[in-house]
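Structure at a glance
Given next are the chains, with one letter for each unit.
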Amino acid sequence: MNYLSGHLHTFCMRPIEKIYDLLGQPRKVVIVMHQKPDADAMGSSLGLFHFLKKLGHTPTVISPTNWAEWLKWMPGCSGVIDYEYSTAAANAVLDQADWVFCLDFNNMGRTRYMANKLRKLTCERILIDHHQQPETESFAYGVSDTEKSSTCEMVYDFIVGSGNADKIDIDIAACLYAGVMTDTGSFRFPGASAAVHRMVADLKDTGLNHTKIHENLFDNFLENRLRFIGYVLQNKMDIFYEYNAALISIPWKDLQRFEIKTGDTEGLVNYPLSIQGIKMAALIIDRDEEVKCSFRSKGDFDVNTFARKYFEGGGHYNAAGGRSSDTLEQTVQRFISAIKENSSQLQ
Ligand code: 5GP
Ligand code: MN
């Protein structure tokens, strides 16, 4: 981002602190997150939902698409509206909203079929997000901080910053813990700062059972997913030692064969990073409707820039995603050309 656009962005989106004084007045609020929400997107949205409800607002959480089975234990999850499935009902709620909070995404395109509707809304949109290069011109208020571990940490900061730390109960704690834990790779990534650990200590003080949350998220799959991972690691993983890179590519027919559902491929992209010397891993999946890409890196290889440049995507420095409208084979070829072009940064 150059100086000028950075300056303009700051000018357009007012700091989220400006709404602290407005929180006392009850409002109809919609909370939206990115499509195929992960634990950070769903956890931050539901954490904010419970908090706003306690303050006397009328919040509704809308997800652009469906979500993984392993998120359904989250308090409040059964009340979330699936935009793709219940478009008319969701649009009716959006039309009534005074505020729309946009959580854990940096541009409207991340809400897929919801993007047009969100862009047309005349009410105030408020951003809480930690991805790089956010579309800040679309928001009346907000906070965008790429240093933050997770959007859940930012919702915690919002609650505490607005003078409402005492409102954090065990339901809010469970939602926020799930997102901060998963987005920090169980507290191993650099984003797991001292502040994150202090936040977790506060969440624990509500009586939070963190062991149960780890079980809900990591020990709650069906046999087919583990068989699928075994198959994929054996047959669909290529290691490019020359470029310190690895690729897992999965055809649509394999997703069908193993009855793979939303969320079942989460985490798969991390496996190749456990190989000595591998600095960057990619996962390219033919989801039929589109080819979806995930990128992860260790150290100083910037996958946000990589995803932006070659795969219409973005995200964070060490974790990003993108897509392609080419075939799986063509996308794989594009990936191989891209790592060749980046070979000096991958050394
Ligand atoms: P994942 O690989 O888990 O889908 O995504 C990794 C990170 O990159 C997440 O923080 C996610 O929000 C972001 N991300 C994934 N896909 C896209 C995309 O298509 N565009 C942008 N801008 N970010 C993405
Ligand atoms: Mn996140």
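In what follows, the accompanying structure is described. In this text, all values refer to a predicted model and were calculated from it rather than measured experimentally.

1. A short note on the coordination of the manganese ion (ligand 2)
- Every protein donor of the manganese ion (ligand 2) is listed here as Asp40 (OD), Asp104 (OD), His130 (NE2) and Asp183 (OD), and their distances to the metal cover 2.2 to 2.4 Å.
- Here the donor residues of the manganese ion (ligand 2) share one chain and are spaced in sequence as D-x63-D-x25-H-x52-D. Taken together, the residues Asp40 in helix H2 (residues 39-54) and His130 in the loop between strand E6 (124-129) and strand E7 (141-144) connect sequence positions 90 residues apart. For the pair formed by Asp40 and His130, the shared burial category is buried.

2. Section: the sheet that holds strand E4 (residues 81-82)
- Strand order across the open sheet formed by 7 strands is E1-E7-E6-E5-E2-E3-E4, with parallel pairing between neighbours. Edge positions in the sheet fall to strand E1 (14-15) and E4, since each of these pairs with one other strand and no more.
- Bridge count between E6 and E7: 4 bridges; the pairing is parallel. From the neighbouring strand, Ile126 faces E7, where its bridge partner is Tyr141.

3. Some points on helix H8 (residues 210-218)
- Considered for burial, the residues of H8 that qualify are Ile213, Asn216 and Leu217. The buried residues of H8 occupy one face: seen down the axis, they fall within an arc of 90 degrees.
- For H8, the secondary structure elements touched by its buried residues are H2 and helix H6 (170-183).

4. Let's talk about the pairing of strand E8 (residues 237-240)
- Bridging between E8 and strand E9 (residues 245-250) involves 4 bridges; their strand directions are antiparallel. Residue pairing for E9: Asp238 is matched across the bridge by Leu247.
- Hairpin connection of E8 to E9: 4 residues between the antiparallel strands, including Asn244 at a positive phi of 50 degrees.

5. With respect to the packing of aromatic side chains
- For the structure on display, the rule yields 17 aromatic pairs.
- Relative to Phe311, the ring of Phe306 lies with its centre 6.1 Å away and its plane at 40 degrees, an arrangement referred to as tilted. Assigned by exposure class, Phe306 and Phe311 land together as buried.
- Cluster of aromatic residues (ring-pair linked, three or more members): Phe240, Phe295, Phe301, Phe306, Tyr310, Phe311 and Phe335.
- The ring of Tyr141 carries Arg14 above its face, with NZ or CZ at 4.4 Å from the centroid.
- A cation over an aromatic ring shows up here: Arg27 above the ring of Trp99, its NZ or CZ 4.3 Å from the ring centre.

What counts and how
Residues numbered from 1 in each chain as written. Chains lettered and ligands numbered in written order. Predicted model: local features only at pLDDT ≥ 70, side-chain atom pairs only at ≥ 80, totals over all residues. Heavy atoms only, no water. Donors = N, O, S within 2.8 Å, 3.2 Å for Na, K, Ca; no water. Helix = DSSP H or I, 4+ residues; strand = E, 2+ residues; numbered from the N terminus. Buried < 20%, exposed > 50% of the residue type's maximum accessible area, 1.4 Å probe, protein only. Pairing = 2+ DSSP bridges. Arc of directions from axis to C-beta. Contact = heavy atoms within 4.5 Å. Phe/Tyr/Trp six-rings, centres within 6.5 Å; stacked < 30°, edge-to-face > 60°. Lys NZ or Arg CZ within 6 Å of the ring centre and 35° of its normal.

Shape descriptors only; they carry no functional weight alone.
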